[in-house]
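# Observations on chain architecture
Read off the chains here:
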Amino acid sequence: MCVQRYNQQQLSFRPKWSPLQLTSDPTVSFTQFRNATRKDLAIQCGFALFILIGIAAAFWGMAGTRGVSQTSSVQFHSLDRSGDTPSVDPTWYLSHSDEFKLHVDPSDRDGKGAAEYRMQRGEELLWSVRLPMTLAEAVVTDRGETIGYYYSTGFEGLDAGVSKGVFGVMILAADGTLRTNESTPRSSSRYLHEAPNPKCSGLIADEEHDRAIFRIVDPDVNRRQEAWWVYQISTGEKRKTLFPLEKMPASEHVRTLIAARPIKGTPLLALHWWRHEYLNPQVSTDSIAGAALTVVDDDANPLWQVAFPDDYEGKDGKDFSDVLRNRILQHGALLESNEPGGIEFLVASEMQAVRFQVRQEADAWDVTRLGSRDISMAEAFPPKRNGIQAMPLPVEIPEPLERLAPIDLELAGSAPVVRKVFDFTIDDQNRIAWIRASDREADEFVLINEQGDVLVEIPMPVGPDPVASDNGPERQFTWSACVWNRKNRFIVTRSEYGTETQSQAWWVDVDTRSVTPIDKLAAPYVEQIACFSDGGFVVLGTIHYQHTITDSIVGYDPQGSPTWQIVADRNRDKSDVFSPVSIAVTPDDQIILLDNIRETLQWFDRRGQFIRSINLEEAWGRQPSYPTGVFAIADGNYFVHDFRGRPPYVFMGQSGKVIGEFSPKFDTGRAVNDNRVVVAPDQRVWMTDFAAIYRLGTTGIVDLVLGTDPRNDPMTEMSGSAVGHGGWIYLVDGRTASTHVFESSGRYVQTRSMPAEYYHGQIHFPSISIDGQGDSALLARKDRNSSVLVRFSHEGQLIEPLRFPLEIEQFQYLPGTDHLVLALYNEVKIIDGTGRVLRTIRRRSDDRWLERIDDLAVATDGSFAVLVNGIVSIYDVNGDSLGVVPLPTTVDGYVNIALSPTHVAAIGNGKLVVLDRQFRTMRWGILEDEMQYGLIHFVAKDSELLLIPQFGRALTRYRITR
């Protein structure tokens, strides 16, 4: 069991070697450097940096846009996704002189199997061929030669059975003939989540010295000693294997080689290392991260080095930029230098390009620092040269979209008392309390009785609204806990999303109506609070670091002072805390902890000392689905929430024996959306779906509803929408899956209830569409690889559903046809009225592979669009590509799009933008302050844009054309 302080930083590498002090003079002699001998190393805790590099690679493309001309303050999502995705896209590789270019078109998104190759000099085709392998990376020389490597079954080696395929090195002559094709069988890694070995992290082509270096990743992720496979380009012959890290002195604190470049006019190479130094070997947090620049000879022997020990630490009290760190980890700090003997190196903390000159004097080399200059991010990390002409930026029209009179929906009733429930709790008088969110006023602590009568409403001193930040995005908060403590006192917490954040906590006294800060509760993000009988309590919290998460359990006395702490240390001993997701306190003040990875329950006393544990699979006699909650009841009994289990709740006795199971539902058979569960002091079980609070009877059937009753199909939140004939508006309530129909004026027409057999809980992103006859269809996914479209006639009668043996994410009817377009996870299918597949689309309109599809929209002319990673791909009614429209990077988060024959509209993260489909003009719409996301449609013969909020009654309209 590991006990830590909350401010302890992430565990870092701790080398077992003594430091060697180097002179800060960058002209230190090679003899002095070479005399430092490497010692045997024993590396501890080796996963963190490689995970960091992997995350950096995944996020590289998010920082800038490639393939779109960037000449204004508006940034657009990138067309070129190199490094952003596991897919191997069609790619152009250019020689340094731009004379030659090679196009590689894979047959498979994972890069396994064959590819089409086409080499050109300018626009002249030199050769083309289909080869049985797909290059994952390639370099084209100024002589037209091709150097690259491939994975026969893709990088991850998926679907390859016991054999993981081969890793291959390939060199082609200028005429396309094969010089070498050496393959090495791949084998599974010994480390979790690692791809099979060997694998290559990069390719260095040194044409001047007729060598190509393949940087092979060390199979031992703790050791991180990459190998260099060196080939002669002109013959394809493998010359040698080198291990650069092995030759570095142990005293230099270098950990991982980030980048390497040949030094022009010399046989030498410049190496950029990630450097990590422990200032005090006895304290794991007392360390600094920086860079080392090394010059090595043809055999990777180090000749000279200069260190920048703290270059990757924050300066002047500011954290080092994540964007900058990610770019450095992905691309290195070695800048391109065309000067003979020249090296240019990015000193990131100062954003300076430092220049060095390498000269040979007699039988030795000399390195001199020449000076430095300021450098921008764009110059330090230029876009990849891919031979694709950049799209010009659209003209930004300064006038915002014209707002028109809103459409007020005809909805009955006023807002109920019970609404927008975050966490809730019940005291020993069966009074129910929660924090009620407000759009415009202060959020309130609300206390009601079992009849729903309001007893107390107390404004909270702060709200969960975003707060402006000086050096980053807005700070986001949520009400994370509301629990009864004792007598008339409650505990309320507000937690902040983000890294290494702290929560705020208050005592709420309903007698005095006072709200008092709990100053000594310095918890991270609060996941749950459970109280002891004397008013003490225990907090399950989560510390989100930049690249990892640490869970903790902290005990507090009745005055709110911490008394003990357990930090999850990821050990496998049954007494250690590993992956806690829920806690409960028994009537005799023991703590039950649910671990959902190990699928165990652990008991601790109120001082945090381990007592015993139970394995759920052994106790249940079956594999749990995904246990997420544990709840204590009388006599030492308890029950576990097994998310999507059948049934989802399992009652257990003190010994671990199963004594009952239940599925919460209404008397109509409709399932309850059990987003929060509370056991009252009288042992009754209560639940909430954030819109209402429910009490269950002894059989799991709801016997009391406080708030809007979902059995009456109220309009609670507008989660899905469609616009049909005559401008009729169809709104899907995500809570009940019912569809509410309104005329274009907002007048109520009817409600279409989802049949109980198709209702499986709240639908977060419902997909609905209207066909040519005015019939509506709503996607109801039943099981994996099975989807149902529940259909209603124009008059509102339930008609025969459509069933598909597919896991459909979204769908739309194509106007003017009997066809449907189905969006699966990463492909689109067009089907006819009989269900026959007419076309399958796996690529974006710019020929890159489709990744996870975020949204689907259809225009009145039958063309349709899919949104993938901020790029809108447009197709005609037959599925032929019509072009792409990149969205501004500020339109992000949960983005929804709309399509007309002439325009694309998108809303996300409080931004609304309309662009023409040729990407020539762009215009913004002004949103209400509280509006972050919504649903949008082109209406009124595509002359207007209709914006549908998640909550409320008013639908906003904008004029597009007159």
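About the thresholds
- Residues numbered from 1 in each chain as written.
- Predicted model: local features only at pLDDT ≥ 70, side-chain atom pairs only at ≥ 80, totals over all residues.
- Heavy atoms only, no water.
- Pairing = 2+ DSSP bridges.
- Helix = DSSP H or I, 4+ residues; strand = E, 2+ residues; numbered from the N terminus.
- Axes fitted to C-alpha atoms, helices over the stretch in contact; angles between N-to-C directions.
- Salt bridge = Lys/Arg side-chain N within 4 Å of Asp/Glu carboxyl O.
- Buried < 20%, exposed > 50% of the residue type's maximum accessible area, 1.4 Å probe, protein only.
- Core = buried A, V, L, I, M, F, W, Y, C linked by side-chain atoms within 4.5 Å.
- Contact = heavy atoms within 4.5 Å.
- Patch = residues over 30% accessible without salt bridge, like charges linked within 9 Å, V, L, I, M, F, W, Y side chains within 5 Å.
- Areas by Shrake-Rupley, 256 points an atom, 1.4 Å probe, with all protein chains shown as cover.
- Polar contact = N/O pair within 3.5 Å; in protein donor to acceptor, adjacent residues only side chain to side chain.

Looking up the protein in an unreviewed UniProt entry gives the name NHL repeat protein, with the organism given as Allorhodopirellula heiligendammensis.

A separate point is the sheet that holds strand β4 (residues 124–131). One open sheet accounts for four strands, arranged β1-β2-β3-β4; its pairing is antiparallel. Each having just a single partner strand, β1 (91–94) and β4 make up the two edges of the open sheet. With strand direction ignored, the average angle separating the axes of adjacent strands in the sheet is 20°. Note: β1 against strand β2 (residues 100–106), four bridges, orientation antiparallel. Residue Tyr93 lies in a different strand from β2, and its bridge partner there is Leu102.

Next up on the list: the pattern of salt bridges. Close approach of charged atoms allows side chains of opposite charge to pair. Tallying each qualifying case throughout the model produces 45 salt bridges. Residue Asp105 is joined to Arg843 by a salt bridge in which the shortest nitrogen-to-oxygen separation is 2.9 Å. Of this pair, Asp105 sits in strand β2 while Arg843 sits in the loop between β58 (837–841) and β59 (855–858), placing them 738 residues apart in sequence. Judged by its relative accessible area of 22%, Asp105 is partly exposed. Residue Asp709 pairs with Arg711 through a salt bridge whose shortest N-O separation is 2.8 Å. Taken together, the salt bridges that share partners define one network made up of Asp206, Arg211, Arg239, Lys240, Asp298 and Asp299.

So, about the nonpolar core. Counting residues in hydrophobic clusters, the biggest one holds 36 residues, and the most contacted among them are Leu293, Tyr312, Ile343, Phe345, Leu346 and Phe356. Not counting residues up to four positions away in its chain, the partners in contact with Leu293 are Ala270, Leu271, Trp304, Gln305, Val306, Leu334, Ile343, Phe345 and Phe356. Of all hydrophobic cores here, the second largest spans 25 residues; its members include Met391, Val872, Val895 and Val904.

On to a nonpolar patch on the surface, then. Side chains of Phe765, Tyr894 and Tyr933 sit close together on the surface and give an oily, nonpolar patch of about 370 Å² of accessible area. As for its position among the elements, Tyr894 is in the loop between β62 (881–886) and β63 (896–899). Of the residues examined, Tyr894 reaches a relative accessible area of 54% and is grouped as exposed.

Our focus in this paragraph is the environment of Asp642. Relative to the helices and strands, Asp642 is located in strand β40 (residues 638–642). Put simply, Asp642 and Thr628 are 14 residues apart on the chain and 6.1 Å apart in space, counted from C-alpha to C-alpha. With residues up to four places along the chain from it excluded, the contact list for Asp642 reads Trp620, Arg622, Pro624, Ser625, Tyr626, Pro627 and Pro648. Looking at Asp642, its side chain comes within polar contact range of the main-chain nitrogen of Ser625, at 2.9 Å.

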